[in-house]
Structures are given as structure tokens and as C-alpha cells.
Amino acid sequence: MARVENGASKPYRALSNGDFNELLDSVEAFLFDCDGVIWKGDRLIDGVPRTLEMLRSKGKKIVFVTNNSMKSRKQYASKFRKLGLEVSEEEIFSSSFAAAMYLKLNSFPREKKVYVIGEEGILEELKLAGFTCFGGPEDSNKSIQLKSDFMVKHDENVGAVVVGIDPHINYYKLHYGTLCIRENPGCLFIATNCDAVGHMTDTQEWPGAGCMVGAICGSTQKEPVVVGKPSTFMMDFLVERFQIDTMKMCMVGDRLDTDILFGQNAGCNTLLVLSGVTTLPMLEDSLNTIHPDYYTSKVSDILNFLGD
């Protein structure tokens, strides 16, 4: 139902004491994005530790769902610990893990190889899932020569190309991935996500995986299978793992086109925080068609609703 604020009808509203306590009573699991919600770069956002502690004390399941594929679940668990948060690998669902699970659940042939445009997180998750993979950081210093007798030979046994965020993207990687997709029959094109930008540091937004994925789309004239948010693939996996109805989940994120849409596509409650990519003017823009149920400035605001 639309809410009326200042005489105008809006499908969302600022989170209030009553709203949050209603969520707390009806929700069993809170799903948190990481970049822009829990941290920016390597800096925790104010109040996050106390907020997570409070939710755990209320018996709520906490899950972290991130599109950032640079790290594996093990590497993310290490980052949480370094920031003073005790989080287990089982509570972390990264797009690097989603890429590996997509191949596993779709019976990707074990004799086939996976070429990676991205960071170590993707390679580690693929190896843990039992797949043979290469590329990633080891190809960061490779180059091509634009002359008539130069040719890159690609592995004809590559059956999938996985593309994620890659700060060391180069022409060689784009060329190799393109060759595999265009010339190897049935080769899959998988994107960890298509985020336009992300908080790689605590001071700036940087180009996201979307620009790497877009480059491969342009050179292959093909669209990828997207396994990260807002695709429902990770949500289907979450539901099966935790056996919690999506109506009893709340997705908390800072992006409308990934986090909030991800929650909405699955039928979750949605809470937008303005501590990351999305600003209030962006939310209120008349051209914006993705609206959360509620919004607030940062996750620790909910402590105020409990009189903390």
C-alpha cells in the first residue's frame, strides 16, 4: 500500500520505531550486503558490531550476501575477524561462491576447464568445488602484440568463462575470454554480477564488475548468466540451506538495482540504507522505479528504536 508523505504518495517510508519492531517480530533472518552497509573498503561503518550483536541476541539469523567476488568465503571470514566481527563461512554468500555453486548444481563436466576474469576469490571457490580453473591474477601481466604474425592460442577444453570484478583487467584477458566463448562450442558465459560501481575503498566508488562483463558482452554479442544479486539464484540457495520462508527475511542493502531488487524478486522485506551507493535524492528521483519497503541512514539506526 502506498504511504502518503507531505501530501505525495510514496511506496516507501523512513523506518520508524513501530516499523522496526514489527519487522523484528515477523522476520527470522536478516540478509546484509557488505560494501556500503557493513563496511566501506577496510573501515567498519559506525555501530555495525553492536547492531549485529543485538540481532543475534534476539535469535535472528544473520547472513551476508555480497556481490563482490574478489574474495572467497574463507577470505571474507578473515576480513570480518580483522574488523572485530565473528562471522563463520557458513554465514557468507559471495558471488564468487555463487559462480562455483551454479556450475556444480548444473552438472558442469569435471573434465572441462573454467577461465576466470577476476580475482583470487573466484579461483578459490571453483577449486573448492572441484573444478579446474585458470586465469585471474596470473594473467594480469600478459599482453598481446598487434601484428600480423601474432596469435593467441586458447584452450579448447574451456567450457565456461566466469567474469567478476577485476582491478587488473587487460586486453589479453578480454581477448582470451572472448575466444573461449565465441569458438568453444557450448562455452558458458557467467557473470558474478553486473554492478556498475562499488566501494572498493572508504573514500570513493570505483568501477564495478559491470564494466568487465559489459566488455565481454560487447565482444561476444552474448548475454551472461548472472549468479549474483538481483538474480534469484543465490536466494534459492539460501532458502534451501536455511529452510526459511522469504517472507520471513529482510534484505538490507545500499543499492536499489541489486540489493533491493534482489529482495523484492524473492518476496522479502526490504530495507535500504543510505550509507553506500544510493542517496536519498536517487531514491526520490521520479525516474526511479525500485522502491524499498523502508529506508534509513545506516544499519545502526535500529539501535535507537530499541532505546539503546
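Positions within a chain are numbered from 1, following the residues in the order the chain's sequence is written. The model is predicted, so local features are restricted to residues of pLDDT at least 70 and side-chain atom pairs to those at 80 or more, both for listing and for counting; the totals for chains, interfaces and linings are taken over all residues. With hydrogens and water excluded, all non-hydrogen atoms of the structure serve as input to the side-chain values.

### A short note on the UniProt feature "active site" (unreviewed entry) in the protein chain
In step 1: Under the feature "active site" (unreviewed entry), the UniProt entry names D33 and D35.
In step 2: Numbered from the N terminus, helices here are DSSP runs of H or I no shorter than four residues, and strands are runs of E no shorter than two. Mapped onto the elements of the fold, D33 is located in the loop between strand 4 (29-32) and strand 5 (39-40).
In step 3: Partly exposed describes any residue whose relative accessible area lies between the buried limit of under 20% and the exposed limit of over 50%, with all areas from a 1.4 Å probe on protein chains only and scaled to the type maximum. Judged by relative accessible area, which is 5%, D33 ranks as buried.
In step 4: Those residues in contact with D33 that sit more than four places away from it in its chain are I38, V65, T66, N67, K229, M251, V252, G253, D254 and D259.
In step 5: The definition of a polar contact used here is a pair of N or O atoms within 3.5 Å, where within protein one atom must be able to donate a hydrogen and the other to accept one, and adjacent residues in sequence count solely through side-chain atom pairs. Separated by 2.9 Å, the side chains of D33 and K229 make a polar contact.
In step 6: For D35, the position within the fold is in the loop between strand 4 and strand 5.
In step 7: Only 2.8 Å separates the side chain of D35 from the side chain of W39, close enough to count as a polar contact. UniProt positions are given in the numbering used here, feature names are shortened, and annotations may be inferred rather than shown by experiment. Between two residues, a contact is recorded if the distance between any of their heavy atoms is within 4.5 Å.

### Section: the environment of T66
In step 1: With respect to the helices, strands and loops of the structure, T66 is situated in strand 7 (residues 61-66).
In step 2: With 163 residues separating them in the primary sequence, T66 and K229 have C-alpha atoms 8.0 Å apart.
In step 3: Residues contacting T66, with those up to four places away along its chain left out, are D33, C34, D35, Y76, F93, S94, S95, K229 and M234.

### A short note on the state of the cysteines
In step 1: Note on terminology: disulfide denotes any pair of cysteine sulfur atoms within 2.5 Å. One pass over the full model with this rule turns up zero disulfides.
In step 2: The closest cysteine sulfur to the non-disulfide-bonded C34 is located on C250, 15 Å from its own sulfur.
In step 3: Not engaged in a disulfide, the cysteine C187 finds its nearest cysteine sulfur in C180; these two sulfurs lie 5.7 Å apart.
In step 4: Under the relative-accessibility criterion, C187 is labelled buried at 9%.

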